[in-house]
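Coordinate inspection notes
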Amino acid sequence: MKKISGLILLVFIAAAVVLTAGCTGTDETPAGTAEELNFGYQPSTHQIAYMAAMEKGWWSENLAPFGYTIDRNKNEFQFPTGAPEMQSMIAGDIDVAYVGAAPVISALATGLDGKIVAAVQTQGSALVVGNDIVYEKPEDLKGHTIATFPPGTIQDTLLRGWLRDNGIDDENDVDIRPMGPGDAITAITAGQIDAVFLPAPSPTIVENDGAGRIVVNSGEMMKNHPCCVLVVSGKMIRENPDAVAEIIKTHIKATDYIKANKDEAAEIYSGYTKNTVETVKDSFSNWDGEWVSDPNIITGGVMDYVKTQAELGYIEKELTQDEIFDLSFYEKATA
Amino acid sequence: MNIKKKLTSKKLLLPVGTIIAIILIWQAVAVFIVGNKFFLPSFTDVLEAGYMTIFGPKGTLFEDFLYSMLHFFIGMIAALLVGIPVGILMGWFKDADSALNPIIEILRPIPPLAWIPFAIIWFGLTDIAAGFIIFIGAVFPIMINTYTGFRNVPKVFIEAGKVLGCTNNITLIRKIAFPSAVPSIISGIRIAMGVGWMCLVAAEIFGAGSGKYGLGKNLWTYYNLHQMPSVVVYMLVLGFIGLAIDLLFRYYVNREMLKWMEEGM
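Residues numbered from 1 in each chain as written. Chains lettered and ligands numbered in written order. Predicted model: local features only at pLDDT ≥ 70, side-chain atom pairs only at ≥ 80, totals over all residues. Heavy atoms only, no water.

All names here are of chain B. Enumeration over the complete set of coordinates arrives at 27 aromatic pairs over all chains. Ring centres of Trp26 and Phe43 lie 5.5 Å apart, and the angle between their planes is 75°; on these two criteria the pair is classed as edge-to-face. Of this pair, Trp26 sits in helix H1 (residues 2–34) while Phe43 sits in helix H2 (residues 43–55), placing them 17 residues apart in sequence. Classification of Phe43 as partly exposed rests on a relative accessible area of 24%. Ring geometry for Tyr222 versus Tyr234: centroids 5.6 Å apart, planes at 50°, classification tilted. Pair noted here: Tyr222 is in helix H10 (residues 215–224) and Tyr234 is in helix H11 (residues 228–257), with a separation of 12 residues, a long-range link. (Phe/Tyr/Trp six-rings, centres within 6.5 Å; stacked < 30°, edge-to-face > 60°. Helix = DSSP H or I, 4+ residues; strand = E, 2+ residues; numbered from the N terminus. Buried < 20%, exposed > 50% of the residue type's maximum accessible area, 1.4 Å probe, protein only.)

Dropping the structure here:
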C-alpha cells in the first residue's frame, strides 16, 4: 500500500509539473531580431510565380524592410498536395502558402487562422485516360479507376462535383483513389489505373510518356474555376499588415514576369523540380490554366467549392466569404 | 490466500490506476493548457470521434478493420511462406547461406516505404499491393530468426539423431532441427507481426486495396481533412489491435506449440 501511495503521489507531482510548465511559455520574439518567414508551395506549374520570386530574390529583398528574413534553404517547404501544406499552416509552421483554394476551405473549417489574399491561377488541371480507355463523355468513366489528389483538394472536390453534375455517383459508379502526383503518374504509366485527374504539368508528363491522353481540361468542368491561391496567416495579418500588401505586390510582379517570360519560367520550374525544360514548355502549351492575381475574380468559384465540400461531408458548416477572404490587401497593393 | 489476493489486486490496480491517471492528465492538458483540438484532442473529443467513426453516417471503422486485417494476413502469410523455407535453406546448407546472405543483407535495410513505387507498378492498387508492403516488413525477421534457429541447433542433437537413424537432410531437418529451432522461429514471427502491423499505414497510404477502406487509409483521410480527433481514434485502434494480435499469438503459442517445452521445464 505504501508503494501504491508513493506511485500515485509521483503521478500527481508529474501532473502538477506538466500543468505549471504550460503556463510559463512565452511567444515574444527578441527585439531587434529579424523574423523568419516560412513559405509553403507545391511542385506544380500553377505556382511558378512563387518560385520565380524566390529565384529572383524578390521575397527576401522586398520583405526585409518589414523585419523579415527569408533564406531559401531554410524557409521554403514543398508539399505533394495542398492537404499536408494546410496541416502545416494550421500547426503554425508556415506563414505564407501557395496552395489550392479547396484545401484552404477544409483547413479553415477545422481551425486554420489565415485568409486568402490573392489568386494565383485559374483552371490548369486535366483528366487523362489510359491508352486503352474509350472516352467521349463523362458517362464513359463508369466502372473505371481514377486517381486524383486526396479528399479536400481542388482536384478531388472539382472531380466529384463534376461527376455528380453529370449524374455519376462518385462513391459507387467510379473508383476514385486518393494519391499524390508521383504515385498517380507511376500507376497510370504502369497501366494499373484507368485515369488520373491532376494539376499541370502532370497530365503532360503522362502524355509525353505515352501512357495516356488528355480528354477533359478542368476549365471544362467549371469555367474559370479557382485553383491555387495565396494564403497569409492571421498572425501576420494582425501584426504586419503592410508586409501582407508587399507580399501581394511581389506576387503580382512575379505573376506578370512569368507571363512575359515563359521560357525563363520553364527553366525556373525545371530547377525546382526534376522535370525537363522541354516537358514544362510542353505543359504550358497543353494546359488551360491562366496565372492571375486578383482575388475578386475567384470569390464566386471558391464559394461553389464551399457548397460542394459541405455536400461531400468534408466540412460540417458552410463558411462565409469573409471567413475565407481578405480582399483589402489586394486593393491596397494595387492602389 | 491473503498474499495471493493482495498480489492479484496489486497487479490489477497498478496498470488500471496508471491508465486512469494518464487519461486525466491528457484531458486536463488538452482542455486547459492546449485548448485546441487540432493540436491535442481531448479524451472526450476522441470518444466522440470514436463514436462517429463507428456509428456515424460516414463511419467505416469496422470495414476499415476488416480490410486492414486482410492486408495484414496477405503480408504475413506470404512472409511465412517465403521466410521460413529460405531461413531453413540458409541455416542448414552453408552453400545456400553463402549464396543468399549478401542479397538478403542488401534488401533487408530497405524500408518498406521505399517499395511503394514497385508495389504500384507490379501489383497495381490491389489488396496484394498493400500486402506486399507488409510482407517486406515481416519477411526478414522471420527469415533471420529461422536461420538463427537452424544455425544454433546443438551439435549433439544432430549426432544423436544420426546415431538413431536420421541419416539424410530431410529427416534431420524435420525431426531434429525444426523442433529445436521452433522457439526462435516463433520469436521471429512475433517480431514480424509487430513490424508488419507497423507497416500497415504505409501499405494503405498510396491508394492500394479497396480505395475506400483500411485503418491506415482512413487515418490518412481524416488527416487530409484535418480532423485530428478521428486521427487519434485510428491511432489508438491500431495500437489496441497490435496488442491484441500479440496477446492472441502468445496465448496460442504457449498453449499449443511450446507445450512440450514448458512441460520439460
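Residue and element names in this part refer to chain B. If you trace the backbone, Phe65 turns up in helix H3 (residues 61–92). Taking the C-alpha atoms as reference points, Phe65 and Leu215, separated by 150 residues in sequence, lie 6.0 Å from one another. The contacts of Phe65, once residues within four sequence positions are left out, are Leu215 and Ile241. (Contact = heavy atoms within 4.5 Å.)

A word on unusual backbone geometry. Residues and elements named next belong to chain A. The omega torsion across Ala200 and Pro201 is 5°, close enough to zero to call that bond cis. Unlike most non-glycine residues, Gln123 shows phi in positive territory, near 55°. Looking at the element boundaries, Gln123 is found in the loop between strand E7 (121–122) and strand E8 (125–130). By relative accessible area, Gln123 is classed as buried at 10%. At Asn224, a position not held by glycine, the phi torsion is positive, near 55°. Here Asn224 lies in the loop between helix H10 (218–221) and strand E13 (228–233). Looking at Asn224, the relative accessible area reads 43%, which means it is partly exposed.

UniProt records the feature "domain: ABC transmembrane type-1" (unreviewed entry) at residues 65–249 of chain B, using the numbering of this structure. Regarding residues 65–249 of chain B, the helix share stands at 82% and the strand share at 0%, and the terminal C-alpha atoms are separated by 18 Å. (UniProt positions renumbered as here; feature names shortened; annotations may be inferred.)

This next bit is on the sheet that holds strand E11 (residues 195–199) of chain A. Residue and element names in this part refer to chain A. Taking strand neighbours across the sheet as the criterion, the five strands line up as E10-E9-E11-E8-E12 in an open arrangement whose pairing is mixed. In this open sheet, the two strands that pair with only one neighbour each are strand E10 (175–178) and strand E12 (212–217). The sheet shows a mean angle of 25° between the axes of neighbouring strands, taken without regard to direction. Here strand E9 (residues 145–148) pairs with E11 via three bridges, running parallel. Looking at the pairing, Ala147 lines up with Val196 of E11. Strand contacts of helix H8 (residues 181–189): E8, E9 and E11, with the helix running at about 150° to E11, the strand carrying the most contacts. (Pairing = 2+ DSSP bridges. Axes fitted to C-alpha atoms, helices over the stretch in contact; angles between N-to-C directions.)

A few words now on the sheet that holds strand E4 (residues 76–78) of chain A. All names here are of chain A. Spatial strand order, E4-E2-E5-E13-E6: five strands in an open sheet with mixed pairing. Edge positions in the sheet fall to E4 and strand E6 (114–119), since each has one partner strand and no second. Within this sheet the neighbouring strands show an average axis-to-axis angle of 25°, counted without direction. Alignment of E6 against E13, held across five bridges, turns out to be antiparallel. If you follow Gly114 over to E13, its bridge partner there is Ser233. Sheet contacts for helix H2 (residues 48–55): strand E2 (39–41), E4 and strand E5 (96–100); angle to E2, the most-contacted strand, approximately 135°.

Residue and element names in this part refer to chain B. By secondary structure assignment, the location of Arg190 is in helix H8 (residues 169–198). Take Arg190: its relative accessible area is 36%, and that puts it in the partly exposed class. Along the primary structure Arg190 and Ile142 are separated by 48 residues, whereas in three dimensions their C-alpha atoms are 8.5 Å apart.

Attention now goes to the interface of chain A and chain B. When the parts of a complex come together, some accessible area is lost, and that lost area is often taken as the interface size. Contacts between chain A and chain B engage 35 residues on the former and 35 residues on the latter. In this assembly, chain A packs against chain B so that about 2800 Å² is buried in total across both faces, 65% of it on carbon and sulfur atoms. For the pair chain A and chain B, the interface holds zero salt bridges. The tally of links between chain A and chain B comes to eight residue pairs in polar contact (both at pLDDT 80 or more). (Buried area = accessible area lost by both parts, 1.4 Å probe. Salt bridge = Lys/Arg side-chain N within 4 Å of Asp/Glu carboxyl O. Polar contact = N/O pair within 3.5 Å; in protein donor to acceptor, adjacent residues only side chain to side chain.)

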